[in-house]
2 protein chains.
Amino acid sequence: MAVTNRYVVITANIDGAPKESDFEVKCETISLLLEPGSNDIIVKNLYVSIDPYQLNRMKSQSSSQVYSTLAAAINPGEAIDAFGVAKVLVSGNPEFEKGDLVVGLIHWGDYSVIKQNGMLNKLDPMGFPLSYQISILGFSGLTAYAGFFELCKPKKGEKVFVSTASGSVGNLVGQYAKLFGCYVVGSAGSNEKVAMLKEKLGFDDAFNYKEEPDLKATLKRYFPNGIDIYFDNVGAEMQEAAIANMNTFGRVAVCGVISEYTNSGRKAAPDMIDVVYRRIKIQGFLAVDFLNVHADFISKTCDHLRAGEMQVLEDISVGVESIPSSLIGLFKGHNIGKKMVQLAEE
Amino acid sequence: MAVTNRYVVITANIDGAPKESDFEVKCETISLLLEPGSNDIIVKNLYVSIDPYQLNRMKSQSSSQVYSTLAAAINPGEAIDAFGVAKVLVSGNPEFEKGDLVVGLIHWGDYSVIKQNGMLNKLDPMGFPLSYQISILGFSGLTAYAGFFELCKPKKGEKVFVSTASGSVGNLVGQYAKLFGCYVVGSAGSNEKVAMLKEKLGFDDAFNYKEEPDLKATLKRYFPNGIDIYFDNVGAEMQEAAIANMNTFGRVAVCGVISEYTNSGRKAAPDMIDVVYRRIKIQGFLAVDFLNVHADFISKTCDHLRAGEMQVLEDISVGVESIPSSLIGLFKGHNIGKKMVQLAEE
């Protein structure tokens, strides 16, 4: 009545790009016999999400404390919580029973013990693969949906630029924008990704930013009449170039800043004279601010999926041992679509 | 039946800080006899506004073209239009007659000939000094009012930081914010200005930024619980420091970027990770976008003035010859409150 849980920890805080030696896989034995009166839930993890923001939580205390409410620091040696899908093995909580599928905060490991105040919900997959709960129907989807529709408030025919367009959120922003009736151009880091954006996802155009020495000129070429909406996943030079090409009343949704997470690139210094004269809005956001549109998001996105109007891009590795390299790969542009790790078959 | 008009021109485009040799005063004779059928209005200028944005219009074509609709390039040798108050001398336009006071676009000179499509309105001073039409009841006032109330959407008790707080717009933002019930701290460039903000305008606190080597630490000291609203008139390091000290859902109204106008300072490169995690909004604006609240602005501000609740800070030079030094002085921090030039007595 016990299982062996393998789980990933960091060996020390990480303040640059992550590397394999920053991580190790630990083992523990978890008893499946709950103490009398315990409300714990023990789940077998099926899929866990691999997200760039986890790296911010791994930085030394000084830089991550600020974000404590939403992204508590990850301490060396401790299990790492992450969004995922799991199956209940044992439950002391009357709301869950053995065999239930659940979605919410689990851990980067084979099993998770969820205490009373855990963030876990019962899951109805609605006929879709379980992995969709991590990708298009999970936080990546909500981030794309809410960031694009709620923050950017698009109008049909507007010109939309998406960076990291083959990433977990970017590919969905581009698809929502196309379905809504916008003109969409994406940037990505390889010619393979560029071809996929144009051929598989229906972007109007796309380019490989690694082959573009002057991003301002590049965006001028792709948007001769200017950009109305920039969905920013990277910050840095790309943000400056987008703002330099932005139309009056343009909107920049700052979703991620992958250039800053590893402290590798320089920060964006957009021309504030442009921001004033063209009345540009630059706004950061998190999907959790938009739980009020969650039901709409699920309903519309399921409709699109059933109608075959959206593609689901997932990049799935298998096994606990692949978690570190999956995270490391995010910062090297290895993933196409949503990166996740499958820990067990359903 | 003719007058001699002295007016200011630039001798060449200006791409750095302006200096006296960039300007000259030209003379022309204007006939006061209109051609038959002419709709022209000839006015005697009383007050003209001196604004930092005029420098942007004086830059070489390449950099100012972008803003053409709202801030058309000023060409060397040509009369320079500016907001001001004037008195009609001769009118071929049935809507105006001799002796009317008018407000709108006139020129940096003693007289202006306004063509049919000019932006000129009849003026009712409502018992206030005519100069108020350039300062608190003019675009400076509307910029402060709309930028603060419409863009920043303040709540009572919120913490507000204003840079260039003794300038034409900043001093009014601080006063509106105090009257509304916010906690207000301003920055300025001299101890005299700092004292004036605290003693005359009722700011909760103020500091001389020239004496602060570490602006992030300074703002941490003045806002131990964070900044909710930053009314930005300068850009650069101050914007970075304000964003680093900003609370969740903080708002930055980018009103001016005096640090960039003269190309002298480096651009702001705020930490976009802060922008994302704290969901900060950075938005540029122009007063012309808020003409819909103009009536409210006038009504509320006149009420405050009549109740003795607002101070009017004006910095008035006299005579056409003082126009160049007045503009130059804006970029050296010479003015306290709204800078304008009086050209004639009413």
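Just so we're clear, the structure is a prediction, and the values are computed from it rather than from any experiment.

Parameters at a glance
Residues numbered from 1 in each chain as written. Chains lettered and ligands numbered in written order. Predicted model: local features only at pLDDT ≥ 70, side-chain atom pairs only at ≥ 80, totals over all residues. Heavy atoms only, no water. Helix = DSSP H or I, 4+ residues; strand = E, 2+ residues; numbered from the N terminus. Areas by Shrake-Rupley, 256 points an atom, 1.4 Å probe, with all protein chains shown as cover. Lys, Arg positive; Asp, Glu negative; His and termini not counted. Charge placed at Lys NZ, Arg CZ, Asp CG, Glu CD. Contact = heavy atoms within 4.5 Å. Buried area = accessible area lost by both parts, 1.4 Å probe. Salt bridge = Lys/Arg side-chain N within 4 Å of Asp/Glu carboxyl O. Polar contact = N/O pair within 3.5 Å; in protein donor to acceptor, adjacent residues only side chain to side chain. Nonpolar A, V, L, I, M, F, W, Y, C, P; charged D, E, K, R; others polar. Core = buried A, V, L, I, M, F, W, Y, C linked by side-chain atoms within 4.5 Å. Buried < 20%, exposed > 50% of the residue type's maximum accessible area, 1.4 Å probe, protein only. Axes fitted to C-alpha atoms, helices over the stretch in contact; angles between N-to-C directions. Parallel < 35°, antiparallel > 145°, perpendicular 65-115°, else oblique. Left-handed = near helix turned anticlockwise from the far one by under 90°. Disulfide = S-S within 2.5 Å. Phe/Tyr/Trp six-rings, centres within 6.5 Å; stacked < 30°, edge-to-face > 60°. Least-squares fit on C-alpha atoms with pLDDT ≥ 70 in both. Pairing = 2+ DSSP bridges. Domains from an automatic or database assignment.

Draft legend 1. View of the overall build of chain A. Per the secondary structure count, chain A includes 11 helices and 15 strands. Across its three principal directions, the C-alpha atoms of chain A cover 65 × 45 × 35 Å. Accessible surface for chain A amounts to roughly 13800 Å². Of this, 50% is attributable to carbon and sulfur atoms. Computed over 33 positive and 40 negative side-chain charges, the separation of the two mean positions in chain A equals 5 Å.

Draft legend 2. Examining the interface of chain A and chain B more closely. Listed as interface residues are 37 residues of chain A and, on the opposing side, 37 residues of chain B. In this assembly, chain A packs against chain B so that about 3100 Å² is buried in total across both faces, 63% of it on carbon and sulfur atoms. Linking chain A with chain B are two salt bridges. One salt bridge in this structure joins R279(A) and D289(B), with 2.6 Å as the shortest N-O distance. One can count seven residue pairs in polar contact (both at pLDDT 80 or more) joining chain A with chain B. The set of elements that each furnish at least two residues to the side of chain A that touches chain B consists of α1 (53-58), β12 (246-254), α8 (258-261), α9 (272-277) and β13 (281-284) of chain A. With six residues, α9(A) is the single largest residue contributor to the side of chain A that touches chain B. Broken down by class, the residue content of the side of chain A that touches chain B amounts to 23 nonpolar, five polar and nine charged.

Draft legend 3. Examining the nonpolar core more closely. Ranked by size, the top nonpolar core spans 114 residues in total, and within it M58(A), W108(A), M58(B) and W108(B) carry the most contacts. Discounting residues that sit within four places of it in the chain, M58(A) has contacts with I10(A), N13(A), I14(A), F23(A), I74(A), I80(A), W108(A) and L327(A).

Draft legend 4. Highlighting the packing of helix α6 (residues 215-222) of chain A against helix α7 (residues 236-244) of chain A. Residues and elements named next belong to chain A. In the contact formed by α6 and α7, the axes pass within 8 Å of each other and the chain directions differ by 45°. It follows that α6 is oblique to α7 by the angle criterion. Relative to α7, the crossing made by α6 is right-handed. Facing L215, K216 and L219 of α6, the residues of α7 in contact are E237, M238, E240, A241, A242 and A244.

Draft legend 5. Region of interest: the state of the cysteines. Tallying each qualifying case throughout the model produces zero disulfides over all chains. Between C182(A), a cysteine without a disulfide, and C152(A), which holds the nearest cysteine sulfur, the sulfur-to-sulfur distance is 9.5 Å.

Draft legend 6. Structural view of helix α3 (residues 139-151) of chain A. Residues and elements named next belong to chain A. Taken across its 13 residues, α3 has 10 buried, putting it largely inside the fold. Among all positions in α3, only S140, G141, L142, T143, A144, Y145, A146, G147, F148 and L151 are buried. Note on α3: the residue one or two positions beyond its end, K153, has a positive phi of about 40°.

Draft legend 7. Up close: the packing of aromatic side chains. The full count for this structure, using the stated rule, is 32 aromatic pairs over all chains. Pairing F207(A) with Y222(A) gives two aromatic rings, centres 5.0 Å apart and planes at 25°, and the pair type is stacked. On the criterion of sequence distance, the pair formed by F207(A) in strand β10 (residues 205-208) and Y222(A) in helix α6 is long-range, its members being 15 residues apart. Of the two residues examined, F207(A) and Y222(A), each falls in the buried class. An angle of 85° between the planes, with centres 6.4 Å apart, marks the rings of F148(B) and F180(B) as edge-to-face. Placement of F148(B) in helix α3 (residues 139-151) and of F180(B) in helix α4 (residues 170-180) is noted, with a sequence separation of 32 residues between them. Exposure remark for F148(B): the relative accessible area of 0% places this residue in the buried category.

Draft legend 8. Quick look at the packing of α3(A) against helix α4 (residues 170-180) of chain A. Residues and elements named next belong to chain A. Look at α3 against α4: their axes get within 9 Å of each other, and the N-to-C directions meet at 45°. Here α3 is positioned oblique relative to α4, judged by the angle of their axes. As α3 packs across α4, the resulting crossing turns out to be right-handed. For the pair formed by α3 and α4, the contact residues are S140, G141, A144, Y145, F148 and F149 on the first element and L172, V173, Y176, A177 and F180 on the second. A breakdown of the residues in the contact of α3 with α4 according to their chemical character gives nine nonpolar, two polar and no charged.

Draft legend 9. How the structure looks around the relation of the copies chain A and chain B. Once turned by 180° and shifted 0.0 Å along the axis, chain A lies on chain B with an RMSD of 0.0 Å. Expressed as a symmetry operation, the mapping of one chain copy onto the other fits a two-fold axis. Taking the C-alpha atom as reference, chain A places A269(A) closest to the rotation axis, 2.1 Å from it.

Draft legend 10. The arrangement of the sheet that holds strand β9 (residues 183-188) of chain B in detail. If you walk across this open sheet you meet the 12 strands as β10(A)-β9(A)-β8(A)-β11(A)-β12(A)-β13(A)-β13(B)-β12(B)-β11(B)-β8(B)-β9(B)-β10(B), and the pairing is mixed. Since the sheet does not close on itself, it has two edges, and those belong to β10 of chain A together with β10 (205-208) of chain B, each with one partner. Pairs of neighbouring strands in the sheet enclose a mean axial angle of 15°, with direction left out of account. Across four bridges, the pairing between strand β8 (residues 159-162) of chain A and strand β9 (residues 183-188) of chain A is parallel. Looking at β9(A), one finds that V162(A) is bridged to G186(A). Along the sheet face, α3(B) touches β8 (159-162), β11 (227-232), β12 (246-254) and β13 (281-284) of chain B and points at about 150° away from the line of β11(B).

Draft legend 11. Region of the structure containing the domain arrangement of chain A. Residue and element names in this part refer to chain A. Each domain of chain A was delimited in the assignment, giving domain 1 (2-135 + 313-342) and domain 2 (139-288). Using C-alpha coordinates to define each centre, domain 1 is positioned 29 Å away from domain 2. Domain 1 puts 21 residues into the contact, and the matching count from domain 2 is 19 residues. For the pair domain 1 and domain 2, the two sides together bury roughly 1500 Å², of which 62% comes from carbon and sulfur. Viewed at the interface, domain 2 and domain 1 are joined by zero salt bridges.

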